Amino acid sequence: MRNHSSGARLLIEEAGKRFGDKIVLEGVKLDIPEGQFVAIVGRSGCGKSTLLRLIAGLEEPTQGRLALDDSEINGIREDTRMLFQDARLLPWKRCVDNVKIGVKSGSGDKEKALEALGLVGLRDRAKEWPGVLSGGQRQRVALARALVGEPRLLLLDEPLGALDALTRIDMQQLIEELWAKQQFTAVLVTHDVSEAVALADRVILIENGHIALDLMITLDRPRERDNDFVHFEKLILDRILERGKHEQRAVSYSI
Amino acid sequence: MFTRLINSRIAPAIVPIFILMIWQLLGQFGWISSRTLPTPLQVAEAGIAMTKSGQLFHYIGSSTWRAFIGFAIGGGIGFLLGLLNGLSQTANRLLDSSIQMIRNVPHLALIPLVILWFGIGETAKVFLVVLGVFFPIYLNTLHGIRSIDPGLVEMAKVYGLRGFALYKEVILPGALSSILVGVRYALGFMWLTLIVAETISANSGIGYMAMNAREFMRLDVVVLAIIMYAILGKLSDTAAKILEEKLLKWHPNYVKR
């Protein structure tokens, strides 16, 4: 596996999505430079998952356009991979064969799959059925499957939402580590603000289909849960919960 | 001692052997007249005699041949139609309600019609078996495809599986456990249909053997024919079970204990 498959630049111009009369997203403008780790947060039903599905090419925007590097996104792309909330492993394939699905077009290379399993620390479970793995292990196999194709853009759709707190911290570290190593662009959708602050360079808050906040997280990595961390966390949470609007504005100047 | 017997491999055979012993004793001591029911030993003697003359295997052969030809045709059509209707909403809207209507006609009620169409030859019997196995396989294939996790299909699309690869890696394996349930049902229907079809009109096969023996009051041969059906049914069910264990190794519910 190449260790420096560089990321892709994602450009979203005035993208919108409506289902019938219901407007889910409107006028979303984003420029994500290559290699950036972006977290999208928001209440459930705010449209953040829809935005991710637009980026993945699973849905088409009803207005505006999305582009990766200079080519427009108009369908599923080979350089974009997605990690779902449920691992979505094929239960009738052994772990290594599940990972093999992610190897780019056909060249079903077992060595590559094993190597990717090694990256997530599950090389010794390669021959197991997914059914006997724990939730965290399944998600790690899914991560190996996503990364084995050397994606330039990795989309994460609340991948840690169903895991217990300790496994979740492990997984966050693993994702951060692999992101630093492979330097792909990452877009993480989550409702867990502290997870967003722990992982992302930049947090975007979506409210009622609009971008309500676009905030750079200027903390050093690896991140400690210190005062600065809590400051960012509180800033975003306050904005989501609309606690003390004036007070919050004062705080945001003080960065 | 008792628990060891229960856990041993011969445990499922205990009850049948016990029943055979009681049956033999009842017959031997005249509690049951041999004109009502021959004893197991008499049946076994008839079986040995017919084996020696080669008749028994000839009859089993022609019954099995009919059964499997019918199964292959009916199962094949059922599988393909189930696949078609499972994958295409249009096909399903056009075809499914007609198929459901035909399904609700007991296929054995068609026997007079089938005899008029095909006479009493092989075609009629194979046709009835085809009808018998078609529906369980059709229904279970359709159900299996319908109940595939849409998340897995979406995942497969994101990972670039399309067309035949999508079908081979995701849809067919996902529907397989349901299809195999259909196969087991169909095997049951296959023998049931064949028994009735052969009893009505045939010049070979186990059903013919039974009807012919009735003419001569050879009760032992009639009972032998019934036992043959039981054994053949059990054999095909076991075959289906082995198939399940082999194909569904990954399934937590089918893990060999």
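Quick caveat, the model's predicted, so the values are computed rather than measured. (Residues numbered from 1 in each chain as written. Chains lettered and ligands numbered in written order. Predicted model: local features only at pLDDT ≥ 70, side-chain atom pairs only at ≥ 80, totals over all residues.)

Student: For this particular structure, what's the right way to read the overall build of chain B?
Tutor: Counting its regular elements, chain B contains 11 helices and zero strands. Counting helices and strands in the order they occur from the N terminus, chain B gives α-α-α-α-α-α-α-α-α-α-α. Along the first, second and third principal axes, the C-alpha atoms of chain B reach 75 × 60 × 30 Å. Split into buried and exposed, the 257 residues of chain B put 30% on the buried side. Of the contacts made within chain B by residues no fewer than 6 positions apart, 70% connect residues no fewer than 24 positions apart. (Helix = DSSP H or I, 4+ residues; strand = E, 2+ residues; numbered from the N terminus. Buried ≥ 20, exposed ≤ 12 C-beta atoms within 10 Å, placed from the backbone. Contact = placed C-beta atoms within 7 Å.)

Student: Looking at this structure, how should I read the interface of chain B and chain A?
Tutor: It is common to report an interface's size as the accessible area lost on association of the parts. On the side of chain A, 15 residues touch chain B, which itself brings 13 residues to the contact. Counting only elements with at least two residues in the side of chain B that touches chain A, the list comes to α8 (150–158) and α9 (163–200) of chain B. With five residues, the single largest contributor to the side of chain B that touches chain A is α8(B). Grouping the constituent residues of the side of chain B that touches chain A by class yields nine nonpolar, two polar and two charged. (Nonpolar A, V, L, I, M, F, W, Y, C, P; charged D, E, K, R; others polar.)

Student: Would you take a moment to explain unusual backbone geometry for this structure?
Tutor: Glycine aside, residues mostly have negative phi angles, and peptide bonds mostly take the trans form. Residues and elements named next belong to chain A. Of note, the bond from Arg-221 into Pro-222 is cis; its omega dihedral lies within 30 degrees of zero at -5°. Even without being glycine, Glu-14 reaches a positive phi, approximately 50°. Of note, Glu-14 is situated in strand β1 (residues 10–19). On the basis of neighbour counts, which here come to 12 C-beta atoms within 10 Å, the residue Glu-14 falls in the exposed class. Backbone geometry at Asp-69 places phi at a positive 50°, although glycine is not the residue there. Among the structural elements, Asp-69 can be located in the loop between β4 (63–68) and β5 (71–72). Looking at Asp-69, the number of C-beta atoms within 10 Å reads 13, which means it is partly exposed.

Student: How should the sheet that holds strand β2 (residues 22–32) of chain A be read in this particular structure?
Tutor: All names here are of chain A. Read across the sheet, four strands follow the order β2-β1-β4-β5 without closing on themselves; strand pairing throughout is antiparallel. One side of each edge strand has no neighbouring strand; the edge strands of this open sheet are β2 and β5. With two bridges connecting them, β4 and β5 associate as antiparallel partners. By the bridge assignment for β5, Leu-68 is matched with Ser-71. (Pairing = 2+ DSSP bridges.)

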